Amino acid sequence: MEEDKVLTDDGFLGVCSEAKGLINLKHSSSLCSKVEPFLPGHYEVLDLKPSGKVASVELVKFHSYKDEPLHVACDTVETLPSGFDVETVKSNIRILFENAVRKRLMAHRRIGCLLSGGLDSSLVAAVLLKLMKEINISYSLQTFAIGMENSPDLLAARKVAAHIGSEHHEVIFNSEEGIQAIEDVIFSLETYDITTIRASIGMYLVSKYIRKKTDSVVIFSGEGSDELTQGYIYFHKAPSPEEAAEESERLLKELYLFDVLRADRTTAAHGLELRVPFLDHRFTSYYLSLPAELRIPKNGIEKYLLRQAFEDSNLLPKEILWRPKEAFSDGIASVKKSWFSILQDYIDQQVDDLLLEKAAEKYPFNPPKTKESYYYRQIFEKHYPGQSNWLPHYWMPKWVKATDPSARTLKHYKSAAQE
């Protein structure tokens, strides 16, 4: 989780890492004039004056997602074979991913796992359960899926849970429950990004269920895989492997603004501790060291290399291992009616056309261009007035003529769904 650095007008510094916003931050002087997210992978050198005021000396970057971590020398994994032949690469991916899950098993509280039925969360759940059995953890693995009636995710997650033998929980919500959660979600996220809010509602509600109905506290998830392994559908349109690799690195660099922000804040809002094996430093540095040509979608299938690496493992049913990408905010609803469509139908009645016409005047930075975007921005400004620069830009797919971040608006998704 990134912390928030607060510099007041009189030079005093406060730091807050509360998951539910800048609460309990008090100072007797004037109101805070500037709040900046503290960049991940950095540390700051500060000069504390005798007066109690603080001056920043320098901000130092100490880690990048491409760097092999220094702790590799102390890792339990033996030296991996070098070379980029496919069999060696596949074996290394399996070894490093299993190690990424294993090292996160240390916990004093019960371990659970989010399970959408997509490739990423399913791989995490399958490997997690396998390792829990190996070290004789006494309790069963609880897996958690959320969706509306007839959602693709619920159906797929059931198949995975039955295959791996987890204690499976389904959280079914309706449109009214999802809409009622919007303000709490935006308050917890501290963002007004459209796709982040859509996807966060389901994750917020399933986290609420876990906290209230179970004793699982340490929660595993598949976050980070799409950015690392080029899982977004628009990667099919990348002009070249090199440009696809550059985009993957850009997405990883901005994870703290979007998917990791969503995963961290929605779980922490309910007192859960999230663990994300796909973002293990050794795993990411190895995957990013592979030739760009190996990492691109192949045969019309995104994350082809990752799927291929586990092809013969029997960890998952084949239809799950090769299931096409389904964005979380889309998969929780039925194919007939997407979650974003439900939200837009509701919000269309809440925002007047005239307000949208004047949106750029009211919100000149990242001006809302749709009623949905305007609605989220209003709520954000209510809780965090004047802090719109926390979000440098909206998340949108690249290389396609998209007006909405949902994967279901893309041509490739529609053709895959028809198959």
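Residues numbered from 1 in each chain as written. Predicted model: local features only at pLDDT ≥ 70, side-chain atom pairs only at ≥ 80, totals over all residues. Heavy atoms only, no water.

Per an unreviewed UniProt entry, the chain goes by the name Asparagine synthetase domain-containing protein and belongs to Melopsittacus undulatus. What UniProt records for the chain under Pathway (unreviewed entry) is the sentence "Amino-acid biosynthesis; L-asparagine biosynthesis; L-asparagine from L-aspartate (L-Gln route): step 1/1." (UniProt positions renumbered as here; feature names shortened; annotations may be inferred.)

On to the packing of aromatic side chains. Applying the stated rule across the entire model yields 24 aromatic pairs. Arranged with centres 6.0 Å apart and planes meeting at 5 degrees, the rings of Phe187 and Tyr384 form a pair that is stacked. In this pair, Phe187 is assigned in helix H5 (residues 182–189) and Tyr384 in the loop between helix H18 (371–383) and helix H19 (411–418), connecting sequence segments 197 residues apart. Phe187 gets classed as partly exposed once you look at its relative accessible area, which sits at 22%. Taken together, Phe187, Tyr192, Phe380, Tyr384, Trp390 and Tyr394 form an aromatic cluster joined through their ring pairs. Taking the ring centre of Tyr192 as reference, the NZ or CZ of Arg377 above it sits at 4.4 Å. (Phe/Tyr/Trp six-rings, centres within 6.5 Å; stacked < 30°, edge-to-face > 60°. Helix = DSSP H or I, 4+ residues; strand = E, 2+ residues; numbered from the N terminus. Buried < 20%, exposed > 50% of the residue type's maximum accessible area, 1.4 Å probe, protein only. Lys NZ or Arg CZ within 6 Å of the ring centre and 35° of its normal.)

Let us look at a nonpolar patch on the surface. A grouping of Tyr43, Val45, Val57 and Phe62 is seen on the molecular surface, where their side chains present a nonpolar patch of about 380 Å² in accessible area. Turning to its location among the elements, Phe62 is positioned in the loop between strand E5 (54–61) and helix H1 (86–102). Given a relative accessible area of 53%, Phe62 falls into the exposed group. (Patch = residues over 30% accessible without salt bridge, like charges linked within 9 Å, V, L, I, M, F, W, Y side chains within 5 Å. Areas by Shrake-Rupley, 256 points an atom, 1.4 Å probe, with all protein chains shown as cover. Salt bridge = Lys/Arg side-chain N within 4 Å of Asp/Glu carboxyl O.)

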